[in-house]
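# Architecture and fold: a report
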Amino acid sequence: MLPETTPADDGTPPQSAGDRRPADRVALSADLRAALPDATAAVLVTAGVFAFLYVRMESGDSATVAVMPFMDDPHTYWMYLLSQAFGWSGLLWAWGTVMLGLLLSGPRPARLPVSRQVLERWHRTTSLTTMALMFAHALMFAAELVRYETELAWAERLWAGFADSFVPGWYDSGTGRFAIPIGQGALYLAVPLGLLFYIRHRIGANTWRRLHRFVIVVYVLSVWHTLLYGTNVWYGEWPRTVLWLLQLPVAVLLLLRLLRPARRAQSLGAPGRRRGVSLPGWTVRACGRVAAGAVVVGLLIVVASGHDGGRERPAAPPSTSPHAPEPE
């Protein structure tokens, strides 16, 4: 989630007399270069997660194997494990960039560990890294499907892997029929919404802000996809609880962002007292605040009660394959 910066606080140097670029324009190429350390850290985290998943599968403790016993061979299914690793690091980076975005787009904190300009740059670079991790997650899933479809010719294998991974509604097996389109929706929304920041001088800052609010939808879809299809969090055990817990600070920051908006025009107030504030607009904003508060309460109930939608680990796991429908 990119910050709603102004020409005075976006971290760009003052405009010189011979520079006709708007003062608030940030070059994508510059952020791509600045993202290299962040991307390197993401690759290292992904490698660590991959090693962890590999060892768990090799030892027989993997929840993925409990869901799909035929995958009890990390040497063969290493691309699937790498897809999982990219997915988890992508979700972690998405969490971080959303937290930064909510922090920066709300009222300015009295104290920040670093300058606001540095936080904004981190926010932009983590957004770019998140998009790359999401794409790598989908790409490695497609590669695993291509490897798996040994009975098809190479052209058909490539098409099957691409279509199952990138064409909404094409994957037709089990939970993936619902979970994969949700993940695809997150990816296909994340890229344009993230990159629109770099052309906001063309579309207008107000238009960009309105569109950028939907970035939170990308994050919600990503978490939803993980809860539905992340075999490591299928069961009602501590990994699923931790995933739910991580959503609590996001929901709290979102609620604070809505209750104390940085821009006076976004404050709620009483309907009809300010010019330009219609009753329908006031109603939408009020409902947004109520919904955010309900999400915070709901998350607390989920974590405290332990009823987080996790499945019971089966005593005898079903023997399924990537294209075999799961038993009801």
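Up top is the structure these notes are about.
Let us look at the structure shown here. (Residues numbered from 1 in each chain as written. Predicted model: local features only at pLDDT ≥ 70, side-chain atom pairs only at ≥ 80, totals over all residues. Heavy atoms only, no water.)

### Describing the overall build of the protein
When helices and strands are counted, the protein shows 12 helices and 0 strands. Starting at the N terminus, the α and β elements of the protein follow one another as α-α-α-α-α-α-α-α-α-α-α-α. Classification of the 328 residues of the protein by burial places 42% in the buried group. Summarising the internal contacts of the protein: among those between residues at least 6 apart in sequence, 70% fall at separations of at least 24. Surface summary for the protein: the accessible area is close to 17,300 Å², and the carbon and sulfur share equals 66%. (Helix = DSSP H or I, 4+ residues; strand = E, 2+ residues; numbered from the N terminus. Buried < 20%, exposed > 50% of the residue type's maximum accessible area, 1.4 Å probe, protein only. Contact = heavy atoms within 4.5 Å. Areas by Shrake-Rupley, 256 points an atom, 1.4 Å probe, with all protein chains shown as cover.)

### Focus on helix α10 (residues 215-229)
The terminal C-alpha atoms of α10 lie 21 Å apart, and with 15 residues this matches the ideal 21 Å at 1.5 Å per residue to within 8%. Of all 15 residues that make up α10, 11 are buried, and the element is covered over most of its length. The complete set of buried residues in α10 reads V215, I216, V218, Y219, L221, S222, V223, H225, T226, L227 and Y229. (Expected span 1.5 Å × (residues − 1).)

### As for the packing of aromatic side chains
Evaluation of the coordinates by the stated rule reveals 11 aromatic pairs. Arranged with centres 5.9 Å apart and planes meeting at 50 degrees, the rings of F50 and Y54 form a pair that is tilted. You can see F50 and its partner Y54 sitting in helix α2 (residues 36-59), 4 residues apart, about one turn around the helix. Pairwise contacts between aromatic rings join F135, W159, F162, F166 and W170 into one cluster. For the cation-ring pair, R157 lies above W154, with the distance from its terminal atom to the ring centre recorded as 4.2 Å. In this arrangement the basic side chain of R200 is found over the ring face of W208, its NZ or CZ atom lying 5.1 Å from the centre. (Phe/Tyr/Trp six-rings, centres within 6.5 Å; stacked < 30°, edge-to-face > 60°. Lys NZ or Arg CZ within 6 Å of the ring centre and 35° of its normal.)

### A short note on a nonpolar patch on the surface
Judged by side-chain polarity, L28, L32, V191 and L195 come together as a nonpolar surface patch covering roughly 280 Å² of accessible area. When contributions to the nonpolar patch are tallied by element, the ones reaching two or more residues are α1 (28-34) and α7 (176-195). Along the chain, the position of V191 falls in helix α7. (Patch = residues over 30% accessible without salt bridge, like charges linked within 9 Å, V, L, I, M, F, W, Y side chains within 5 Å. Salt bridge = Lys/Arg side-chain N within 4 Å of Asp/Glu carboxyl O.)

### Let's talk about the pattern of salt bridges
For side chains of opposite charge, pairing can occur when their charged atoms come near one another. For the coordinates displayed, the defined rule picks out 4 salt bridges. Notably, a salt bridge pairs R116 with E120, separated by 3.3 Å at the nearest N-O pair. With a gap of 4 residues between them, R116 and E120 both fall in helix α5 (residues 116-148), about one helical turn apart. For R116, a relative accessible area of 10% corresponds to the buried category. Using a relative accessible area of 0% as the deciding quantity, one classes E120 as buried. For E144, the salt bridge is made with R147, and the minimal N-O distance between the two is 2.7 Å. With E144 and R147 both in helix α5 and 3 residues apart, this pair spans about one turn of that helix. With relative accessibility at 3%, the residue E144 sits in the buried group.

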